[in-house]
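Close look at the chain arrangement
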Amino acid sequence: MHRAYQSVLPTHNKLLQQRWDTTYYKEHRRKVYDAKPMVDTKPPPTYMHLHLKLKKLQLEEERLAIIERDNRTLLEKMSYIMRTRGRIDNRNNYEYKSSLNREKRQRELLRVIKENQSILQRINMRQPEYSAKKWEDDWVANQRFMDSISAYPQNWWLEKEKPRQGRSARLERRHHDEGRQSAKSKEFKDDQQQGTPPPATTEDKGKVKPKKESEKKKKVAKRGQKEDSPQQKDASRSPTPQQKVATRSPTPQQKEATRSPTPQQKEATRSPTPQKVESSEQRNEAENSENAEIPVQQNESEA
């Protein structure tokens, strides 16, 4: 078989080369097997004296033995006492000797008791400074105010749910609600026409109604009317006889002026002068100035 071995390197004796190669390979395998790792991944060593603590077990047994011995001795003593009278006498026949200060101490004790009773009586007879009924009334009033501004009734979550009803009952309730709503809307329209405010409902109590601009303007106008002077009020209430005459019967000069225009006016209408044409704003200002001069003349006539 040595002739079948083929060495890697050239050799003059294949048998010896085969033996040398096998020894080198075995040595290599032994070194690989005996090689130590660079990182120690082995678990730590276990010691029996750390897991099984014999000294602790010995001390526990000794403690239990002492407890058992004490219990046995106590039981023997108790059985002896039950069988015989024992050596214990629980009677106390000691008598206190009379002291010279006994009466004084008794009088002092009575005085302290009387003072304590008088203090207790004064405390019980003392009237309270705070009235519980007043607090209760205030609380009831606060609850009433809270209910008036709240959106839901008090303890609404404690109310039981109503049982479900049939279709006919639901339709009747719906018609009833619609009738109530229509009646409320009619009353609201009538109140608006008459000028009286509608009655406030429980839902409207918790809401804040916004003020309209029209209401604000009306209030401002009313205030301006209230702030008028008494002379203007008199002038507006009672017109003078001159004003009555002026309004009732126009003068003949005014009639002639309205009926037949003068030839000068005709010429003015036919041939316009190169004067500037007044604007509409100037005309309005002139009319306002004439209207403002009229009450002044009336006041002078009254004076």
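Residues numbered from 1 in each chain as written. Predicted model: local features only at pLDDT ≥ 70, side-chain atom pairs only at ≥ 80, totals over all residues. Heavy atoms only, no water.

1. Side note on the overall build of the chain
Counting its secondary structure elements, the chain contains 13 helices and zero strands. When the 303 residues of the chain are sorted by exposure, 2% land in the buried category. Within the chain, counting contacts between residues at least 6 apart in sequence, those at least 24 apart form 34% of the total. Accessible area of the chain: about 32,000 Å², with a carbon and sulfur share of 54%. (Helix = DSSP H or I, 4+ residues; strand = E, 2+ residues; numbered from the N terminus. Buried < 20%, exposed > 50% of the residue type's maximum accessible area, 1.4 Å probe, protein only. Contact = heavy atoms within 4.5 Å. Areas by Shrake-Rupley, 256 points an atom, 1.4 Å probe, with all protein chains shown as cover.)

2. Points about unusual backbone geometry
At Asn155, a residue that is not glycine, the phi angle is positive and equals roughly 55°. With respect to the secondary-structure elements, Asn155 resides in the loop between helix H5 (132-149) and helix H6 (167-194).

3. Digging into the pattern of salt bridges
Under the definition given, this model contains eight salt bridges. Here Arg69 makes a salt bridge to Asp70, at a shortest N to O gap of 4.0 Å. Classification of Asp70 as partly exposed rests on a relative accessible area of 41%. The structure contains a network of salt bridges with shared partners spanning Glu27, Arg30 and Asp34. (Salt bridge = Lys/Arg side-chain N within 4 Å of Asp/Glu carboxyl O.)

4. Describing the packing of aromatic side chains
The description of two aromatic rings rests on the distance between their centres and on the angle between their planes. One pass over the full model with this rule turns up two aromatic pairs. Seen in terms of ring centroids, Tyr130 and Trp135 are 5.6 Å apart; in terms of plane orientation they differ by 40°. Their pairing is tilted. Take Tyr130 and Trp135: they sit in the same class, and that class is exposed. Seen from their ring centres, Tyr152 and Trp156 are 5.6 Å apart, and the 35° between their planes marks the pair as tilted. (Phe/Tyr/Trp six-rings, centres within 6.5 Å; stacked < 30°, edge-to-face > 60°.)

5. Comments concerning H5
Taking 1.5 Å per residue as the helical rise, H5 with its 18 residues ought to reach 26 Å, and the 26 Å between its terminal C-alpha atoms agrees with that figure. In terms of residue burial, H5 counts as a barely covered element, since only one of its 18 residues are buried. (Expected span 1.5 Å × (residues − 1).)

6. Topic: the side chain of Gln17
Position of Gln17 among the secondary structure elements: in helix H1 (residues 14-34). The exposure class assigned to Gln17 is buried, which follows from its relative accessible area of 17%. Apart from the residues within four sequence positions on either side, Gln17 is in contact with Tyr5, Ser7 and Thr11.

7. Things to note about the confidence of the model for the chain
Across the chain, the average pLDDT comes to 75, with 59% of residues at 70 or higher. Mean pLDDT across the elements of the chain bottoms out in helix H7 (residues 202-205) (49) and peaks in helix H4 (residues 102-125) (95). Counted against residues more than four places away or in other chains, residues 295-300, with its pLDDT under 50, gives two contacts. (pLDDT = per-residue confidence, 0-100.)

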